[in-house]
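What the coordinates show
Spelled out from the first residue to the last, the chains are:
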Amino acid sequence: MSGSIPSMETSHDALRDNTIIVVLGASGDLAKKKTFPALFGLYRQGFLPRDVKIVGYARTKMDKAEYHKRLSSYFKTNDDPEIIKAAEDFKAVSTYISGSYEEPEAFQVLNSHLEEIEAGYASKEANRVFYFALPPSVFVPVAKNLKEQCYVANGVNRVIVEKPFGKDLDSARELLSSLKEYWTEDETFRIDHYLGKEMVKNLLVLRFANIALGAAWDKNFISNVQITFKEPFGTEGRGGYFDEFGMIRDVLQNHLLQVLSILTMERPVSFSAEDIRDEKVKVLRSIPPIAKEDTLLGQYVAANGKPGYLDDDTVPPNSICPTFAATTLWIHNPRWEGVPFILKAGKALNEAKVEVRIQFKDVTQGIFKDIARNELVIRIQPSEAVYLKMNAKTPGLYTRAMPTEMDLTYKRRFAEAKIPEAYEALILDALKGDHSNFVRHDELDVAWKIFTPILHWIDGKNGARPRPAPYPYGSRGPKELEGFINKYGFKRASDSYVWPVTNLASL
Ligand SMILES: NC(=O)C1=CN([C@@H]2O[C@H](COP(=O)(O)OP(=O)(O)OC[C@H]3O[C@@H](n4cnc5c(N)ncnc54)[C@H](OP(=O)(O)O)[C@@H]3O)[C@@H](O)[C@H]2O)C=CC1
Ligand SMILES: O=C1O[C@H](COP(=O)(O)O)[C@@H](O)[C@H](O)[C@H]1O
């Protein structure tokens, strides 16, 4: 079939029936905001295995009615009878067990509950998928207890684990090796939810299915690349968690580095998980640890009636944790030598946006004076879009060039398409046994190697801790940002550029 990508569409170990999905930490924030809504979305669209059962597990004591009431509050039904009916059906296949994360006896109770469900299966095959919506402090005891008390011999067992995977290279290695004592790499699905985002998944196709783009994808044509994450809100009550990690561990070391690796890797031999991940690891290994000089840190302060980071009661007083970070990475390989990759992310900024901006080099001057550079912008969210900023003749009886764009805005081009939620896509991949969009152990190792020295410097491991530059809540970031980006050769578009539709609400 023209345009199909065969190895992406098939999978060897897809779970089609006799499957229980166990959500551990079912009372928590992630379960509420992402895991259960995604499971419900998949259930409603008929993507979960036939006769699936979903079991919640956490310490909080809840009876069935209370648990079901909670589940109902997690789903948006929009008063649509079809969705309301699906929510009732989903609750009918959902049960809850409360128990500790440390005690084997509690997991024996969970196992008995799972066996009761499985006793009703027509065949002996039984598959169990365990989703860790849990704080990392209990990852290891839960992994151990599940393996020792809840592992089935006559079927497939899988664990889906959430970040953070450690705080630096040593702690990540320790965590990985502890989990590996109980669960094999093949059974483990490490989520980085950016790998489930539609536009991130599109990067491979954009790059390798377009010969014109592929031909210009190197140091000969590209001047600099920015990968930007902006959130318009602060930590707002999550400061306790955030302060322990900071912006680099929260977003750059995982989400933005994943985007960078797909953007810069060589063409994989096939779309199989290992071929893709081999190439990602290879390019990441060509990146040396980030230098202090290539780093800009910031922390938001009160402005426009909004509180500063230090005004959040859950943040330790006088914290110098960065809520904004920009770092420049260099890839020492023949394709990318000398091209700066600027990764920047911040909380409490002026807008919500995640995008990749690839700025091409100047055209030869002579017939043109001060002509704008081409830029390829890949907007990951909100409102997925790809647009190429290019120069064109202004229509009329004179010859003048103006910057314009070729624009692929999804809502216009694919008006009828439903863009899946990242967690829906990833849970479905885990059920199919497809690891392509999950993080392999060696990817994680090399990612931490790149970031650990700069994180240790920020943590004050080798001397005084750097103070982040203040920036007002709702601004574009620290005032030093413009100079920071310009020093890597970025040239801002001239004032004559008319930006493409930015009123996303109108699309
Ligand atoms: N929330 C989010 O938006 C995101 C979260 N994540 C990751 O997902 C995982 C879960 O996050 P989240 O749901 O926010 O976490 P929560 O703090 O909500 O914890 C989940 C559940 O774990 C139990 N729990 C909480 N603290 C402890 C503790 N100290 N010891 C033992 N059990 C505890 C609680 O259940 P009970 O007391 O009932 O057992 C709680 O409901 C984390 O690894 C997080 O980093 C990743 C991306 C986004
Ligand atoms: O992992 C995280 O990601 C979210 C942003 O996710 P998005 O899908 O809304 O872009 C971020 O808010 C959070 O701090 C971080 O832990």
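Residues numbered from 1 in each chain as written. Chains lettered and ligands numbered in written order. Predicted model: local features only at pLDDT ≥ 70, side-chain atom pairs only at ≥ 80, totals over all residues.

1. Re the overall build of the protein
Formally: Here a strand is any run of E in DSSP of at least two residues, a helix any run of H or I of at least four, and the numbering for each starts at the N terminus. Note that the radius of gyration is over C-alpha atoms, with the globule rule given as 2.2 Å times the number of residues to the power 0.38. Around each residue's C-beta, the other C-beta atoms within 10 Å are counted; 20 or more make the residue buried, 12 or fewer make it exposed, and counts in between make it partly exposed. All C-beta atoms are placed from the backbone. By the convention adopted here, residues make contact when the C-beta atoms placed from their backbones lie within 7 Å.
From N to C terminus, the protein includes 15 helices and 15 strands. Relative to its length of 507 residues, the protein is compact, with a C-alpha radius of gyration of 24 Å against a globular reference of 23 Å. The principal-axis extent of the C-alpha atoms belonging to the protein is close to 80 × 60 × 45 Å. In the protein, which comprises 507 residues, the share counted as buried stands at 40%. Across the protein, every contact between residues at least 6 apart in sequence was considered, and the portion connecting residues at least 24 apart equals 77%.

2. Quick word on the UniProt feature "domain: Glucose-6-phosphate dehydrogenase C-terminal" (unreviewed entry) in the protein
Short version of the rule: UniProt positions are given in the numbering used here, feature names are shortened, and annotations may be inferred rather than shown by experiment.
The positions that UniProt labels "domain: Glucose-6-phosphate dehydrogenase C-terminal" (unreviewed entry) are, in the present scheme, residues 204–489. In the segment residues 204–489, helix accounts for 31% and strand for 23%; the C-alpha atoms at its two ends are 26 Å apart.

3. What to know about the site of ligand 2
Note the threshold: Using a C-beta atom placed from the backbone for every residue, we mark a residue as near a molecule or strand if that atom lies within 6 Å of it. Each residue gets one of three labels, nonpolar for Ala, Val, Leu, Ile, Met, Phe, Trp, Tyr, Cys and Pro, charged for Asp, Glu, Lys and Arg, and polar for the others, Gly among them.
Residues in close proximity to ligand 2 include His193, Glu231, Asp250, Val251 and Val354, which together make up its full environment. Of the residues belonging to the shell around ligand 2, the class tally is 2 nonpolar, 1 polar and 2 charged.

4. Section: the nonpolar core
The criterion, for reference: In this description, a nonpolar core means buried residues of the types Ala, Val, Leu, Ile, Met, Phe, Trp, Tyr and Cys, linked to one another by C-beta atoms lying within 7 Å.
Counting residues in hydrophobic clusters, the biggest one holds 125 residues, and the most contacted among them are Val23, Leu24, Tyr131, Phe132 and Leu256. Considering each element in turn, this core owes the most residues, 10 residues, to helix H10 (residues 239–264).

5. Details of the site of ligand 1
The local shell around ligand 1 holds 20 residues, among which Gly28, Leu30, Ala58, Arg59 and Thr60 are the closest. Looking at the shell around ligand 1, the element that brings in the most residues is helix H2 (residues 29–44), giving 4 residues. Its residues assigned to classes, the shell around ligand 1 comprises 10 nonpolar, 5 polar and 5 charged.

6. Re helix H5 (residues 104–118)
The criterion, for reference: A helix's residues, less one, multiplied by 1.5 Å, set its expected span. Directions pointing from the helix axis toward each C-beta atom define the arc.
Given a rise of 1.5 Å per residue, 15 residues ought to cover 21 Å, and the 21 Å separating the end C-alpha atoms of H5 matches this to within 8%. Residues of H5 that are buried include every one of Phe107, Leu110, Asn111, His113, Leu114 and Glu118, and no others. Each buried residue of H5 lies within a common arc of 160 degrees when the element is viewed along its axis, so the set occupies one face. Exposed side of H5, more than 90 degrees from the buried face: Glu105, Ser112, Glu115 and Glu116 are the residues found there. Buried residues along H5 sit against strand S1 (19–24), strand S2 (53–58), strand S3 (94–98), strand S4 (127–132) and helix H6 (139–149).

7. Quick word on unusual backbone geometry
Lys163 connects to Pro164 through a cis peptide bond whose omega is 5 degrees. The omega angle of the peptide bond from Gln381 to Pro382 is -10 degrees, so this bond is cis rather than trans. Inspection of the secondary structure puts Pro382 in the loop between strand S12 (375–381) and strand S13 (385–393). Here the phi dihedral of Asn18 falls at roughly 50 degrees; this positive angle occurs in a residue that is not glycine. Positionally, Asn18 belongs in the loop between helix H1 (6–9) and S1.

8. A closer look at the UniProt feature "domain: Glucose-6-phosphate dehydrogenase NAD-binding" (unreviewed entry) in the protein
The UniProt record annotates "domain: Glucose-6-phosphate dehydrogenase NAD-binding" (unreviewed entry) at residues 22–202. End-to-end, the C-alpha atoms of residues 22–202 are 30 Å apart, and along that stretch the chain is 45% helix and 17% strand.

9. Remarks on the pairing of S2
The side chains of a regular strand alternate, first on one face of the sheet and then on the other. Defined as follows: A crossover gets the label right-handed when its path from the first strand over the helix to the second runs clockwise, viewed with the strands pointing away from the viewer.
Extensive coverage of S2 is indicated by the burial of 6 of its 6 residues. On S2, burial covers both faces: Lys53, Val55 and Tyr57 on one face and Ile54, Gly56 and Ala58 on the other are all buried. Remark: the S1/H2/S2 crossover connection has right-handed handedness.

10. Considering the packing of H6 against helix H7 (residues 169–180)
The line we're drawing: Throughout, an axis means a line fitted to C-alpha atoms (over the contacting stretch in the case of helices), and angles, computed between N-to-C directions, take values from 0 to 180 degrees. Angular relationships are summarised with four words: roughly parallel below 35 degrees, roughly antiparallel beyond 145, roughly perpendicular across 65 to 115, and oblique for the angles in between. We call a crossing left-handed when the near helix sits turned anticlockwise from the far one by less than a right angle, and right-handed when that turn is clockwise.
Where H6 meets H7, the closest approach of the two axes is 9 Å, and the angle between their N-to-C directions is 15 degrees. Relative to H7, the element H6 lies roughly parallel. H7 is crossed by H6, and the crossing has right-handed handedness. On H7, the residues that touch Phe139, Val140 and Ala143 of H6 are Leu175, Ser178 and Leu179. Classifying every residue of the contact of H6 with H7 gives 5 nonpolar, 1 polar and no charged.

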